[in-house]
Amino acid sequence: MGPQRSTSLSKKTGNKLHRQSLYVKQKREREKEKREARFRRKKEEDREPELRSERVARNQPATIDRKRVWDDVDDDGLGASVDMEQLLKKRRLQQEEAEERLAAEADKGDTSEQDNDDEEDSMLGSDDEEDESDEEAAAKARAKQVIRDDSLAPSTTSTNLDLTPESLVAKFPTLFSDDGPAEPQVLITTTLNSTLHDEARLLCTLFPHSTYIPRSAHKYSHKYSVREICKFAGNRGFSSVMILREDQKKPIGLDIIHLPSGPTFHFSITNWVEGKKLPGHGNPTNHYPELLLNNFKTPLGVLTARLFQSLWPKTPELQGRQVVTLHNQRDYIFLRRHRYIFRDKRATEKSVVGADGKELKGVESIRAGLQELGPRATLKLRRIDKGIGRAGSEGDDAVQWEWKAKMEKQRTRFNL
């Protein structure tokens, strides 16, 4: 018998067919080893479920969102990339610790002065005082636990507008006022001589109680400025003005002005798709939709979420089963509108699970079906003016925030 051929590709062979057969053989061996390891791991995890949870926690994908970094500053300005929930929690803990230190120092001073005077009285009432001190300590421990512990069913993306810092409320009082209309009125218009009439009317179906008024630059027409339009709208009960900007007959920007005196938000628009061009789309109805604001965490994100909240009615009509989603991811805001329906779970589908990966009790046999209604678009915040546009803003703080290219040099830092 001749010498056996090596099955390793480390030794190069001049025969092409032999190289191909060796490669196929090695690939089969690797797949066989992986399959055996997978079945062996499955048996071990069936005996010890903790191994599977450890493996899943260890094998988290290293995405840019998971690598997100925050500014290590105690600042709630628009330029700071801080998590408002963690910042306010840190401030509450620091305030409680300071109060505890002051109370402890006051108690030490009182006890040192009364040691020689009231020894017998203190001995008689020591049990009551110890009970009261124990109750106070337990109450403080419960308060700390409420601050630190997470919810049993936490929502990982929803925006909590109760975390709005006082500095933003003082800077934009009209936007954060609770005296706003329950049913906002929105005036939608375009730039001069625009051709986006269909897109503007489509926005009227997205925002309830909205009106579209086209602008013209005809030689016999009066070319109203943005400030004149806002004054006209404010006198007629409108709460916001939208200006749709175009380039090459496509929407490229959206300016939202909060009346009566600002601020003005400038967004760029990409990936605009009308509802009729979506596969399997539905037709929207006139019901007030539900609003989902996802992943707005920084002070700038909370301010942007508050602006979007002021554009839709506060009381949705649930019988319409329509929902508008504004999902922020890496400073891009994805606008979607769906209709949902609750149906029975099919045999081939999995049950609904919570954030911890476990099945939610009570909805094991229920699933939600979605049908997109459109339109869909991707927004990106470019600038915030203090007043009505850049021309209507004065002072050193006329431009509250502006996007700059250098902000994206660090890929793991986001503004919203």
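Residues numbered from 1 in each chain as written. Predicted model: local features only at pLDDT ≥ 70, side-chain atom pairs only at ≥ 80, totals over all residues. Heavy atoms only, no water.

**Thoughts on the overall build of the protein**
Then, number 1: For the protein, the helix and strand inventory stands at nine helices and eleven strands.
Then, number 2: Within the protein, the proportion of its 416 residues that are buried is 33%. (Helix = DSSP H or I, 4+ residues; strand = E, 2+ residues; numbered from the N terminus. Buried < 20%, exposed > 50% of the residue type's maximum accessible area, 1.4 Å probe, protein only.)

**Describing the pattern of salt bridges**
Then, number 1: For the structure shown, the criterion picks out 14 salt bridges.
Then, number 2: The partner of Asp74 in a salt bridge is Arg91, and the shortest N-O contact between them spans 2.9 Å. Note that Asp74 is positioned in the loop between helix H2 (49–58) and helix H3 (84–114) and Arg91 in helix H3, a separation of 17 residues in sequence.
Then, number 3: Residue classification places Arg91 among the partly exposed positions, given a relative accessible area of 29%.
Then, number 4: Asp76 is paired through a salt bridge with Arg91; the nearest N and O atoms lie 3.5 Å apart. Pair noted here: Asp76 is in the loop between H2 and H3 and Arg91 is in helix H3, with a separation of 15 residues, a long-range link. (Salt bridge = Lys/Arg side-chain N within 4 Å of Asp/Glu carboxyl O.)

**Here's the deal with the environment of Asp178**
Then, number 1: On the secondary structure map, Asp178 appears in the loop between helix H6 (166–171) and strand S1 (186–190).
Then, number 2: Overall, the relative accessible area of 65% leaves Asp178 in the exposed class.
Then, number 3: Among residues more than four places away in sequence, those in contact with Asp178 are Arg306 and Lys314. (Contact = heavy atoms within 4.5 Å.)

**Re the confidence of the model for the protein**
Regions with low pLDDT carry predicted coordinates that are not meant to be interpreted in detail.
Then, number 1: Here the protein averages 84 in pLDDT, and 86% of its residues register 70 or above.
Then, number 2: Of all helices and strands in the protein, the one with the weakest mean pLDDT is helix H4 (residues 119–124) (48), whereas strand S5 (residues 264–273) scores best (95).
Then, number 3: Every residue in residues 122–126 is under pLDDT 50, and counting partners more than four places away or in other chains gives zero contacts.
Then, number 4: Predicted confidence is poor over residues 142–154, with pLDDT under 50, and the contacts of this stretch with residues over four places away or in other chains come to ten contacts. (pLDDT = per-residue confidence, 0-100.)

**Re helix H8 (residues 226–235)**
Then, number 1: Buried residues of H8: Ile229, Cys230 and Ala233, and no others. Summarising the axial view, the buried residues of H8 lie within an arc of 100 degrees, below the 170-degree limit, and thus occupy one face. Summarising the geometry of H8, the exposed residues directed more than 90 degrees from the buried face are Lys231 and Asn235.
Then, number 2: Looking at the buried positions of H8, the neighbouring elements they touch are S1, strand S3 (240–247) and strand S4 (250–258).
Then, number 3: Phi turns positive, to about 85 degrees, at Gly237, one or two residues after H8. (Arc of directions from axis to C-beta.)

**Looking at the packing of aromatic side chains**
Ring pairs (aromatic) are described by centroid distance and by the angle formed between their planes.
Then, number 1: One pass over the full model with this rule turns up four aromatic pairs.
Then, number 2: Judged by centre distance (5.6 Å) and plane angle (65 degrees), the rings of Tyr340 and Phe342 are edge-to-face.
Then, number 3: A relative accessible area of 16% means that Tyr340 is categorised as buried.
Then, number 4: An aromatic cluster is present here, built from Phe265, Phe267 and Phe308 joined pairwise through their rings.
Then, number 5: Sitting over the ring of Phe39, Arg38 keeps its end group 6.0 Å from the ring centre.
Then, number 6: Here Arg382 stacks its cationic end above the ring of Trp403, 4.6 Å away from the centre of that ring. (Phe/Tyr/Trp six-rings, centres within 6.5 Å; stacked < 30°, edge-to-face > 60°. Lys NZ or Arg CZ within 6 Å of the ring centre and 35° of its normal.)

**Focus: the packing of helix H1 (residues 16–47) against H2**
Then, number 1: Close contact between H1 and H2 brings their axes to 4 Å; oriented N to C, the two are set at 120 degrees. The angle between the axes of H1 and H2 places the two elements in the oblique class. Note on element contacts: H2 touches H1 through Pro49, Leu51, Arg52 and Arg55, opposite Arg41, Glu44, Glu45, Asp46 and Arg47.
Then, number 2: Residues belonging to the contact of H1 with H2 are distributed by class as follows: two nonpolar, no polar and seven charged. (Axes fitted to C-alpha atoms, helices over the stretch in contact; angles between N-to-C directions. Parallel < 35°, antiparallel > 145°, perpendicular 65-115°, else oblique. Nonpolar A, V, L, I, M, F, W, Y, C, P; charged D, E, K, R; others polar.)

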